[in-house]
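# Summary of the model geometry
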Amino acid sequence: MIVPIKRLTLIGRKADENALLGALQAIAAVQIIPVEEGRESALLPQWESRVQRLQSAQHTLKKYAEKQGLGPKPEMSATALAEALPASLELCARVEELERSIAGLRTEADKRRALIAQLRPWEDLTADMAQIRHTRSVRYITGFLPAEQVDLLAGLEAVVEVYGGGRERAVLIACLESKQEEVLSLVKRLNLREYAFPGLCGTPAANIRALEEEVADLEARAEALHAELASLGKERPALCFGQDAALIERDLEAGKGQTGATEATFILEGWAREDQRDEIEAALNAVTDIYYLDFSEPAEDETPPTVLRNKPLVAPYEAVTNLYSLPAYGAVDATPLFMPFYFIFFGMMLTDTGYGILLAVGAALFLKYMKPRGMMAGLAGVLMQGGISTIFMGLLFGSFFGVTWPEIFRGLPFENTFPLIDSSTEPLAMLAVCAGLGIVHMFFAVLIATYRCIKAGDWWGAIIDNFCWILIISGVILLGAPMLGFPAVLATIGKWMAILAALAVFLFAGRSKKNIAGRLLSGGGKLYDIASWLGDVLSYARIFALGLSTGVIGLVLNILCWDMLFTAFKGNMVMTVIGFIITAVLSVGIHLFMMAISTLGCFVHTARLQYVEFFGKFYESGGRPFRPLRYATRHSQVAGK
Amino acid sequence: MALYESLGLNGQLLAAAGAVFAAMWAGIGSAIGVGHAGEAGAAVIAENPDHFGSVLVLQLLPGTQGIYGLLIGFVIASKAGLLGAGGPELSVAQGIQFFLSALPIAFGGWYSAIVQGRTAATGIAMVGKRPEEAGKAIIFAVMVETYAVLALLFSFLMVNGVQV
C-alpha cells in the first residue's frame, strides 16, 4: 500500500536548528521542501570540500589497505561516527601532505633528470662550463647539430669541437668576434639548434654525477614518504568513517539551506509519513520543547512523494515495482496484487527443483550474511521466494538438475506421477496452462481497473472500458467449451455474452464524442483491442518456452557431461576416477552458469509480464521517491545514537 | 525424388543441416550481440568499475539466443538420431520438416541477438550516466528477447510435431 503523507511545518529557534534537524535526520523522517529563496550557507562549501578531501584521501589509501572481505558494511553509532571525524581529518591532512611532498620530490627529480639528459651529449667536454663565455675577441657558439651535417663544419673559419653520438651532436664553436655574424649565419643554415649551458660550474660530467646523486637522494626520500603513506593504509577505515561523518554534516547543512528563516527562527516545510508522526514528535521533544509542529493534508495542487509499505512477505517485490516506476501518490500500489503471480510465474519459468533449492538457499545465505539494504535486499528476497516457488513448480512441470522425475523416482509407487505435465511431450497442454494463467492474470488486472473506476464514480468506464472485456474474452473461451466435452449450451451462452458485450463496447466506448458517426467509429476502433488481447495471451507462452529451455538445457548438459564425456573416460579404475572428477567439476560449473543465466532470464521475463500485460491495464506510474534528510553514509551503516 | 537422390540428399542430411543452422546462426547472432554490448560495457567500466554487476547482466542478455539455438539444434539432432549410431531412417520429407523447424530460431535468434546487443549497448551507456535506472535498461533489452523466445517456442513445437 501507499503510505499517507502529511505536509509538515516545523518552526523553532535558530539556536536549536542544528539539534532539531539532526534529530529528524537521525530518524530519516522528513523530506524538506526547499523554499524559493534558500539561505546561503557559508559552511556548506567547506563541508562539501571536506567530503571531497576525505573521499580522495581514502581513495588514495585504497591500494595500500587490506582487501575488504565480503560482508555487510560495519555498523557504527552516530556519535561514534561524529567522534571519528576530527581524527580522520588530521589523518586526511597527513595523507594530503605526504602526497604533496611525494609529488614535489618527484617533480624535483624529474627536473634534474631533464637536465642530465641535456648535459649527457657534453659529457666528454673537459672544460668548466662556467669558463666558456665570451672574451674580448673570442665568441663561443654552442648547440646541437644533426649528425649528418657535422662534416660540413670543416670549412668554417673557427675552432670546432664535436661531442657525443646519436642523431644530434653537441658542437662547441669558438671564433673571432669579427667572424661571429658570418659563422652564426652559416651554422644556422645547417640547422644548428642553439643551446646555452645552464648556469652551472664544473665540467658537464661532474655535474651529471652530482645531479644523479641528487636524483637518487630525492627518490629515496620520496620512497620513504611513500612507505609512510603505505603504512597509513591500515588506517583507511578511519578515513571512511570520517567521510561518512562529513557526509552527514554536509547533508544537514544543505538541509538547513533549504529552510526559511526569520531573525530568530527557522521554518521547515516538508513531507513526512503519517505513520512516523509520533516518532517525529518524540525525536523533537528529546531536543527541546520550544517549537511549533503542524501536520496538514497536502494541498490539491501538490504531489507528495510516494512511499510503499507492505507485509514482510510482499515487501521484497517492491524492488520489482521500483524497477518499473513508483505508483503516483493516491494511485494503487500494485506490489501485493502482482506478488502471487510473480511467485508462480517465476517458478514455472525456472522449473527445475535443483536450481530452485540452490537459488533459495543462496539468496537466504546472502540475506543473512551480507545484510543488503534497499534494492539488493528486495532482489535477494524475490529470488529466495522465486527459488521456493521453483522447487514446487519443478516437481509439477520440470526436472531436477536436468534429470527427469521418473528417473529419480524409479521403482517408487508414484514413479510416473511427476511431472504432472511434461512440456516436451505435451507442449500443447502446457501452453494451455500458461494461456489460462495469463487470462486469470489479465482478468485480475481488469477487475482492479473496474474497481478503481467504480470507486471514482465512473460507472461507464467501469463497465464499458473494463468489465465488458472480461465478458467478451470469457464468451470467446466458452465458445470452445463443447470441444472439451462440456454441454453445447455453454457455447450459446458464451456466444451471446461476447456479442452483447461487444455491442456495448461498440455503442458506448466513444461516448465522449458528440458526433454519432465519430462515436461509432471510435467504438469500432476500440473493438479492435481484441487483437491486443490475443497478443497478450500469446505473450504468456514465454512461461512455457523458458521453462522448456531450462529443462532441455539441463538435460543436454547431463548427456554431454555424463553420457559422452564420462563414458569416454571409462576404462580402467584410474581413468574412471579421473574422468569422474573432471566430469563432476565441469557439470557443476556449467549447471551453475546455466542456472545464473536462466535465473536472470526468469527474473526479467516475469517482471515483463507484470509491467506490460498486468500494469498496462490499470497502473498509474509517475510517483516521486521519498528522499528524506537522512544518514546517507557510504561506508558504514548507522545504528543507534 | 529422383532429383533429391541425384543430389545425394536424404532425410538425415537435411535434419543435420537444420540442427547446424539452428546452433550456428543463433550462435553467430549472440556472439555479435554480446560482443557489441561488451565493448560498450568496457567503456563504462573504465570510468566507473562499480557498475560491473549491472553492466554484466546487460551484456549477458543477448547471449541467450545462442543457447536457444543450441537447444533446438540438440533436440533435432537427438530426435533425428544424429548423435550416435542407429537412429531412425528418415524420409526426405521428414528431413525437410526438421530443416524448416530450425529456421525460426536460426534467423529469429540470429537477428534478435544482434539488435538486442545494440539495445543492451545503449542501455549500458545509460547505466554509465544513471546507474539507478539499470533496471529499465534491462527491461528494454528484454523486450527484444521476447521474439527470440517466441521463435524458440515455435521451432520447438515444429520439431516436436515431426513424426519419426
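Residues numbered from 1 in each chain as written. Chains lettered and ligands numbered in written order. Predicted model: local features only at pLDDT ≥ 70, side-chain atom pairs only at ≥ 80, totals over all residues.

Another point: helix α6 (residues 236-257) of chain A. Under the 1.5 Å per step criterion, the end-to-end length of α6(A) is 31 Å for 22 residues, consistent within 8% with the ideal 32 Å. Along α6(A), 17 of the 22 residues are buried, which leaves the element largely enclosed by surrounding structure. (Helix = DSSP H or I, 4+ residues; strand = E, 2+ residues; numbered from the N terminus. Expected span 1.5 Å × (residues − 1). Buried ≥ 20, exposed ≤ 12 C-beta atoms within 10 Å, placed from the backbone.)

Where the model shows low pLDDT, its predicted coordinates should not be examined in detail. Across chain A, the average pLDDT comes to 88, with 100% of residues at or above 70. The lowest-confidence element of chain A is helix α4 (residues 180-189) of chain A, averaging 82 in pLDDT; the highest-confidence one is helix α9 (residues 335-350) of chain A, averaging 95. (pLDDT = per-residue confidence, 0-100.)

The next point concerns the interface of chain B and chain A. Where interface size is quoted, it is often the accessible area lost as the parts come together. Contact with chain B, which involves 22 residues of that partner, is made by 20 residues of chain A. For the side of chain B that touches chain A, the secondary structure elements donating two or more residues are α3 (52-60), α4 (64-79) and α6 (134-161) of chain B. For the side of chain B that touches chain A, the element with the most residues is α6(B), which contributes 13 residues. Of the residues contributing to the side of chain B that touches chain A, the split by class is 16 nonpolar, five polar and one charged. (Contact = placed C-beta atoms within 7 Å. Nonpolar A, V, L, I, M, F, W, Y, C, P; charged D, E, K, R; others polar.)

Moving on: the nonpolar core. One finds L58(B), I72(B) and I76(B) to be the most contacted residues of the largest nonpolar core, which totals 110 residues. Counting residues per element, this core draws most heavily on α6(B), at 14 residues. Those residues within four positions of I76(B) in sequence are excluded, and the remaining contacts are A15(B), G18(B), A19(B), A22(B), F98(B), A102(B) and V159(B). Within the second largest apolar cluster, 43 residues are counted, among which are L8(A), L10(A), I32(A) and V51(A). (Core = buried A, V, L, I, M, F, W, Y, C linked by C-beta atoms within 7 Å.)

Further remarks concern the environment of P312(A). Residues and elements named next belong to chain A. Assignment of secondary structure puts P312 in the loop between β10 (291-296) and α8 (318-324). By C-beta crowding, P312 is classed as exposed, having 7 other C-beta atoms within 10 Å. As a C-alpha pair, P312 and G381 span 69 residues in sequence and 9.7 Å in three-dimensional space.

Residue and element names in this part refer to chain A. The four strands are arranged β5-β6-β4-β7 in an open sheet whose pairing can be described as antiparallel. Two strands lie at the open edges of the sheet, namely β5 (159-163) and β7 (193-194), each paired on one side alone. Note that strand β4 (residues 138-146) and strand β6 (residues 168-176) share nine bridges and pair antiparallel. The residue bridging T142 from the neighbouring strand is L172, located in β6. (Pairing = 2+ DSSP bridges.)

By domain assignment, chain A separates into domain 1 (119-212) and domain 2 (310-421 + 543-620). Look at where the C-alpha atoms of domain 1 of chain A and domain 2 of chain A centre, and you get two points 80 Å apart. (Domains from an automatic or database assignment.)

The next point concerns the confidence of the model for chain B. All names here are of chain B. Summing up the model confidence of chain B, the mean pLDDT is 88 and the portion of residues at 70 or higher is 94%. Per-element averaging of pLDDT across chain B places helix α1 (residues 2-7) at the bottom with 63 and helix α5 (residues 92-129) at the top with 94. Reported confidences for the modelled complex are a pTM of 0.82 and an ipTM of 0.79.

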